[in-house]
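For reference, the chains in residue letters:
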Amino acid sequence: MTYRETLDWMFARLPMYQQRGASALNAKLETIQQFSAYLGNPHLDFRSIHVAGTNGKGSSSHMLASVLQEAGYKTGLYTSPHLRDFRERIRVNGKVISETYVIDFIARHRDYLEAHSLSFFELTVGMAFEYFSAEKVDIAVIEVGLGGRLDSTNIITPEVSLITNIGMDHMEFLGDTLPKIAREKAGIIKPGVPVVVSESQDEVADVFTEIASERMAPLVFADQQDYPAYTTSLMGNYQKRNIRGVLATLSSLEKFPVQEVDISKGLLKVAENTGLQGRWQTLGEHPRIICDTAHNPDGLELVMKQLLSQEYKSLHMVIGFVKEKPLEKVLPLFPSGAVYYFACPDIPRGLDAQILRQKADAYGLPGESYASVESALQAARKAAAAEDLIFVGGSTFVVAEVV
């Protein structure tokens, strides 16, 4: 099969959460454990950092990888979802996995994959771990897909675990309170393995303290520590919170020392070193166009606050969501007085733009619905003056269509 045919086979045969939602999840570890054993347990061949959290885990993972690359370590990076190309999920020193490797992996293991009920995510975790083993990486930064305790990545025993923060997202799987969600994400804490929590939140700090104590895992709340001030190439005021967690994680990484110059260069070259996109990313000027993948209440609140601090004459908002998004929690966060262009991301889970327009109108967010994200952005570009600002977001899948 060609690369395109291989991807078509993967997307067609294997349930993918990003496309199908809850029906694509295997909320258990047995399937990935069996698949890993079949592959020869490649995750035992490399050291790792495990990163979970409601917001910031992607940015933090890329920051960590960038710094470790600057320090001279051959670094694997596994993240999800991808924006444009499946291969974005699996990188070594910033370079995506080759099309040839993806094709060969499916060809070699197709019989097993057809005989077992793997999810798309379980497949990609197995592929990533085998690839990192084959590439003989020094260390890999592994981002949790969803939750932590039952996430397919949770078969690793890392050098350090990082949990960025806890917010209300994926409540249908993780629980309807912050402590319940924290307990699921704390499932990545391993016995005796240091754990860093980027943000100490009153509602959930006790959960982390309790579980870390039970597992005799040294615990650090990064925002309670004193660290030198560093800047990053990643835009967005919210990155300051992520940097503290990254610094605490690097400090806990005893077998992989890094120098201050590595940290400085790594944080300033995140996108260059790792290919990260979609975090307060500028897509154009005159008018200025910014996109951001924030999609849950906590993330959107931070992004909307920063958006309103920008200078512009008029604000144009190109937004879309997935069907299960709690609109009653996210729409009140969006600014009134802007011009809205509602679109449906091109996935089965995408929320119909007409429905979104009707819901948004009830919150004082008037606008028009469009047949696609592309047509919505085109309309915003046509309507905007040079001194205006266009924001694109609401969903990772909306941003994926514009970067």
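Residues numbered from 1 in each chain as written. Predicted model: local features only at pLDDT ≥ 70, side-chain atom pairs only at ≥ 80, totals over all residues. Heavy atoms only, no water.

Enquirer: Quick one: what's the story with the overall build of the protein, residue by residue and with numbers?
Expert: When helices and strands are tallied, the protein shows 17 helices and 14 strands. Across its three principal directions, the C-alpha atoms of the protein cover 55 × 55 × 40 Å. A buried classification covers 57% of the 403 residues belonging to the protein. Across the protein, contacts joining residues at least 24 apart in sequence account for 75% of those joining residues at least 6 apart. (Helix = DSSP H or I, 4+ residues; strand = E, 2+ residues; numbered from the N terminus. Buried < 20%, exposed > 50% of the residue type's maximum accessible area, 1.4 Å probe, protein only. Contact = heavy atoms within 4.5 Å.)

Enquirer: I'd like a rundown of the pattern of salt bridges, residues and numbers included.
Expert: Taken as a whole and assessed by the stated rule, the structure comprises 14 salt bridges. Between K329 and E328 there is a salt bridge whose closest N-O contact spans 4.0 Å. Salt bridges here are not isolated pairs; linked through shared partners, they connect D104, R108 and E130. (Salt bridge = Lys/Arg side-chain N within 4 Å of Asp/Glu carboxyl O.)

Enquirer: With reference to specific residues and values, describe the environment of A140.
Expert: Its place among the elements puts A140 in strand β5 (residues 139-143). On the basis of relative accessibility, which here comes to 0%, the residue A140 falls in the buried class. Put simply, A140 and I156 are 16 residues apart on the chain and 11 Å apart in space, counted from C-alpha to C-alpha. Excluding its chain neighbours within four sequence positions, the residues that come into contact with A140 are F46, R47, S48, I49, G76 and F132.

Enquirer: Any details on the nonpolar core? Residues and values, ideally.
Expert: In globular proteins that are soluble, nonpolar side chains generally tend to be buried together. Ranked by size, the top nonpolar core spans 35 residues in total, and within it M10, F129 and F132 carry the most contacts. Listing elements by their share of this core, those giving two or more residues are α1 (3-13), α3 (30-39), β3 (90-92), α5 (99-115), α6 (120-134) and β5. Per-element tally for this core: the top contributor is α6, with nine residues. Setting aside chain neighbours within four positions, we find M10 in contact with F86, V102, I106, F120 and L123. If you look at the next biggest cluster of nonpolar residues, it comprises 29 residues, including L162, V196, L234 and V270. (Core = buried A, V, L, I, M, F, W, Y, C linked by side-chain atoms within 4.5 Å.)

Enquirer: Tell me about the pairing of strand β12 (residues 339-342), residues and numbers included.
Expert: Looking at chain direction, strand β11 (residues 315-319) and β12 are connected through four bridges and run parallel. Bridge assignment links I319 to a residue of β12, and that residue is F342. Pairing between β12 and strand β13 (residues 367-369): three bridges, direction parallel. Residue pairing in the sheet places F342 in a bridge with S369 of β13. Between the parallel pair β12 and β13, the chain is carried across by helix α15 (residues 353-361), and the sense of this crossover is right-handed. (Pairing = 2+ DSSP bridges. Right-handed = clockwise from strand over helix to strand, strands pointing away.)

Enquirer: Talk me through the sheet that holds strand β9 (residues 281-284); I want residue IDs and the actual numbers.
Expert: Remark on secondary structure: sheet strands pair via backbone hydrogen bonds, oriented parallel or antiparallel. Read across the open sheet, the six strands follow the order β9-β10-β14-β11-β12-β13; overall the sheet is mixed. With one partner strand each, in any of the chains shown, β9 and β13 form the two edges of the open sheet. Averaged over all pairs of adjacent strands, the angle between strand axes in this sheet comes to 20°, irrespective of strand direction. Looking at chain direction, β9 and strand β10 (residues 288-292) are connected through three bridges and run antiparallel. By the bridge assignment, G284 is partnered in β10 with I289. Packed on one face of the sheet, α15 meets β11, β12 and β13 and runs near 160° to β13. (Axes fitted to C-alpha atoms, helices over the stretch in contact; angles between N-to-C directions.)

Enquirer: Provide a residue-level description of the sheet that holds strand β7 (residues 195-197), including the pertinent values.
Expert: Across the sheet, which stays open at both edges, the eight strands sit in the order β4-β3-β2-β5-β1-β6-β7-β8 with mixed pairing between neighbours. Single-partner strands in this sheet number two, and they are β4 (95-96) and β8 (219-221). Bridging between strand β6 (residues 160-163) and β7 involves three bridges; their strand directions are parallel. For S161, the partnering residue across the bridge sits in β7 and is V195.

Enquirer: Pulling in residues and values, what's your account of the pairing of strand β1 (residues 47-52)?
Expert: Regular strands place their side chains on alternate faces of the sheet. Across the six residues of β1, five count as buried, placing the element largely inside the fold. Bridge analysis of β1 against β5 gives five bridges, and the strand direction is parallel. Note that in β5 the partner of S48 across the bridge is A140. Relative to β6, β1 runs parallel, the two being bridged by four bridges. Bridging from a neighbouring strand, A52 pairs with I163 of β6.

Enquirer: Could you give me a rundown of helix α9 (residues 205-214), with the residues and numbers involved?
Expert: Within the sequence span of α9, burial applies to A205, V207, F208, I211 and A212. Taken around the axis of α9, the buried residues stretch over an arc of 160°, which confines them to a single face. Those residues of α9 that are exposed and angled more than 90 degrees off the buried face are D206, S213 and E214. Its buried side turned inward, α9 meets β6, α8 (178-185), β7 and β8. Following α9 by one or two positions, M216 has its phi on the positive side, about 50°. (Arc of directions from axis to C-beta.)

Enquirer: Please set out the packing of helix α4 (residues 57-70) against helix α11 (residues 260-268) residue by residue, giving values where relevant.
Expert: Orientation of α4 relative to α11, taken along the N-to-C sense of each, is 130°, at an axis distance of 8 Å. Accordingly, the angle class assigned to the pair α4 and α11 is oblique. In this structure, the crossing between α4 and α11 has a hand that is right-handed. Contact residues: α4 offers M63, S66, V67 and E70, while α11 offers D262, I263, K265, G266 and L267. (Parallel < 35°, antiparallel > 145°, perpendicular 65-115°, else oblique. Left-handed = near helix turned anticlockwise from the far one by under 90°.)

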